[in-house]
Amino acid sequence: MSKKIKEKKVKREKIKAGRLARREAWMGVIFISPWIVGALLFLMYPLYESFTFALNNIRITTMGYKFNFVGYGNFTQILLSDQDFLPNLVDYVVSTVISVPVIVVFALMIAIMLNQNIKGKGIFRLIFFLPVIIVSGPILTMLNEEGAGSITALDTESIGNAIKSFLPSMLATPIADLFENMVTILWYSGVQILIFLSSLQKIDPAMYEAAKIDGGSGWECFWKITLPTIKPMILLNLVYTIVFISNNDTNPIIGLIKNAMFSGTKEKGYGYASAMAWLYSVVVLLIVGIFALLFMAKKDVYAKQVKKAKKQRKKEEREIKKIRRRSARNAAKQARAESK
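What counts and what doesn't
- Residues numbered from 1 in each chain as written.
- Predicted model: local features only at pLDDT ≥ 70, side-chain atom pairs only at ≥ 80, totals over all residues.
- Heavy atoms only, no water.
- Patch = residues over 30% accessible without salt bridge, like charges linked within 9 Å, V, L, I, M, F, W, Y side chains within 5 Å.
- Areas by Shrake-Rupley, 256 points an atom, 1.4 Å probe, with all protein chains shown as cover.
- Salt bridge = Lys/Arg side-chain N within 4 Å of Asp/Glu carboxyl O.
- Lys, Arg positive; Asp, Glu negative; His and termini not counted.
- Charge placed at Lys NZ, Arg CZ, Asp CG, Glu CD.
- Helix = DSSP H or I, 4+ residues; strand = E, 2+ residues; numbered from the N terminus.
- Expected span 1.5 Å × (residues − 1).
- Contact = heavy atoms within 4.5 Å.
- Core = buried A, V, L, I, M, F, W, Y, C linked by side-chain atoms within 4.5 Å.
- Buried < 20%, exposed > 50% of the residue type's maximum accessible area, 1.4 Å probe, protein only.
- pLDDT = per-residue confidence, 0-100.
- Phe/Tyr/Trp six-rings, centres within 6.5 Å; stacked < 30°, edge-to-face > 60°.
- Axes fitted to C-alpha atoms, helices over the stretch in contact; angles between N-to-C directions.
- Parallel < 35°, antiparallel > 145°, perpendicular 65-115°, else oblique.
- Nonpolar A, V, L, I, M, F, W, Y, C, P; charged D, E, K, R; others polar.
- Pairing = 2+ DSSP bridges.

*Asks:* Could you give an account of a positive patch on the surface, with specific residues and numbers?
*Replies:* Residues Lys310, Arg313, Lys314, Lys315, Arg318, Lys321, Lys322, Arg325, Arg326, Arg329, Lys333 and Arg336 make up a contiguous surface patch of positive charge. By the secondary structure assignment, arginine 329 is in helix α15 (residues 301–339).

Here's what the structure looks like:
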C-alpha cells in the first residue's frame, strides 16, 4: 500500500510540474507577443514588398509605380556588371571579421576595469557610454572629416605600408583601415561595455573567493569563472556589433544602395536597390551565423550525463512495471488453476 501511495504522489508532482512548465511557457509567449505582432506588421510585409521590388524594374511616373518584371535580372546585373558592389562587399566582409572581435575584446577589457572598486567609476562609465548618445550619423561624418576618428600621433601610413608589404591587398587594406579609424571603431563599444558590465555584476563573488582559497590566480579565475559565465553575452555583443556596423551610415555599401535607389537611370532604381539590399542582407546573415556557430554555448557534459541517467532510470522503471504486471498475470493464472 505504501508503494502505491508513493507512486500516486510522484504522479501528482509530475502533473503539477507539467502544469507549471506550461504556465511559464504561456507567460513567455505573452511577454514576447508585442514583438511578434510588431514583427508581423512592420517587418514581414516590408520584406515581402522589397523582394517583389527586387524582381522588377520600377519606374516612378505621375500615375504611380510602373513595374516591369525582370525576374532575377537585377541580381545577375549586380553580380556580373556592377563594378562597385562586389569590391565594397569583400572589403566589408574582411573589415567586419577583423573589427568586430577588436570591438568586443576592447569592450570586455573596459567592462572588467569598470567593474573594479575604483573611485569615480560612474564618471568613467559615462565617458565610455557618451559617444553612443552623441555620435550619430551626421556628427560622426563631420568628426571623421576633421580627422577626429584617427590617432594623429600614430604614423598610420607607415603601419599600412608595413602591413601591405607582407599581406595581400585584400587583407592588408582592411587592417590598415582599422588602424586609421581606431578611434571611430572604439566609439562603437559603449553598448557592449554596458552589457558586459551588467553580466559581470551578476557573477557571485563567492565563486572568486572559493577559487582563491583553492589557490587560483586572477588569470585562472578569468578563464574558469568569468569567461564561461559571460559567454552568452559575448555572442550577444558579437551579433549586436555586426548589425550596428552593417547598418551604419558610414558603411559604403549603404551609400551604394541609397545612390542606386535615387538614381535616375533606367537600369537602376527601387528594384535594383532592393536586390542589392537583399544580397547584402544574405551576406550579413552568413557572418552572423558563422560567429554564432563559433561562440554558441555548448551543452554541459554534466547536463548530458544527468539527462542520460534520467532516461536510463525511466527505462528501468518501465522494465520493473512490465515485470510486475507479468508476475501479477502469472499469479492470477496460478490462482485460477489451483481453484479448479
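Moving on from the coordinates now.
*Asks:* Got a sec to walk through helix α11 (residues 218–229)? Specific residues and values, please.
*Replies:* The terminal C-alpha atoms of α11 lie 15 Å apart, and with 12 residues this matches the ideal 16 Å at 1.5 Å per residue to within 8%. Elements that come into contact with the buried residues of α11 comprise α3 (85–114), α9 (190–201) and α10 (205–213).

*Asks:* An account of the nonpolar core is needed here, citing residue identities and associated values.
*Replies:* Residues Tyr92, Phe196, Ile242, Met276 and Tyr280 are the most contacted members of the largest nonpolar core, which totals 46 residues. Every element with two or more residues in this core is listed here: α2 (73–80), α3, α9, α11, α12 (231–246), α13 (252–261) and α14 (270–295). In contact with isoleucine 242, other than residues within four places in its own chain, are Tyr92, Thr96, Val100, Val284, Ile287, Val288 and Phe291.

*Asks:* Give me the confidence of the model for the chain: which residues, what numbers.
*Replies:* Note: predicted coordinates in regions of low pLDDT should not be interpreted at a detailed level. Summary statistics for the chain give a mean pLDDT of 78 and a share of 76% for residues scoring 70 or more. By mean pLDDT, the top-scoring element of the chain is α14 (89), and the lowest-scoring one is helix α5 (residues 137–145) (61).

*Asks:* So, the packing of aromatic side chains: which residues are in play, and what are the values?
*Replies:* Taken as a whole and judged by the stated rule, the model has 8 aromatic pairs. Geometrically, the ring pair formed by phenylalanine 53 and phenylalanine 67 is tilted, given 5.7 Å between the ring centres and 45° between the ring planes. Of this pair, phenylalanine 53 sits in helix α1 (residues 2–54) while phenylalanine 67 sits in strand β2 (residues 64–69), and the two are 14 residues apart along the sequence. Looking at phenylalanine 53, the relative accessible area reads 13%, which means it is buried. One aromatic cluster is present, built from ring pairs that chain together Trp219, Phe222 and Trp223.

*Asks:* Which residues make up the packing of α9 against α12, and what are the values?
*Replies:* Relative orientation of the contacting elements α9 and α12 amounts to 170°, with a least axis distance of 10 Å. Relative to α12, the element α9 is oriented roughly antiparallel. Residues Val191, Gln192, Ile195, Phe196 and Ser199 of α9 lie in contact with α12, whose contacting residues are Met233, Ile234, Leu236, Asn237, Tyr240 and Thr241. Classifying every residue of the contact of α9 with α12 gives 7 nonpolar, 4 polar and no charged.

*Asks:* Lay out the pairing of strand β1 (residues 56–61) with the relevant residues and their values.
*Replies:* Where β1 and β2 come together, 6 bridges link them in antiparallel fashion. Looking at the pairing, arginine 59 lines up with lysine 66 of β2. Connecting β1 to the next strand, β2, in antiparallel fashion are 2 residues.

*Asks:* Tell me about the packing of α11 against α12, and please be specific about residues and values.
*Replies:* Orientation of α11 relative to α12, taken along the N-to-C sense of each, is 50°, at an axis distance of 4 Å. Here α11 lies oblique to α12, going by the angle between them. Here α11 contributes Leu227, Pro228 and Thr229 to the contact with α12, which in turn contributes Lys231, Pro232 and Ile234. Split into classes, the residues belonging to the contact of α11 with α12 amount to 4 nonpolar, 1 polar and 1 charged.

*Asks:* Describe the side chain of asparagine 74, and please don't skip the residues or the numbers.
*Replies:* Locating asparagine 74 in the fold gives a position in helix α2. Apart from residues lying up to four places away in sequence, asparagine 74 is in contact with Phe53, Ala54, Asn56, Glu267, Gly271, Tyr272 and Ala275.

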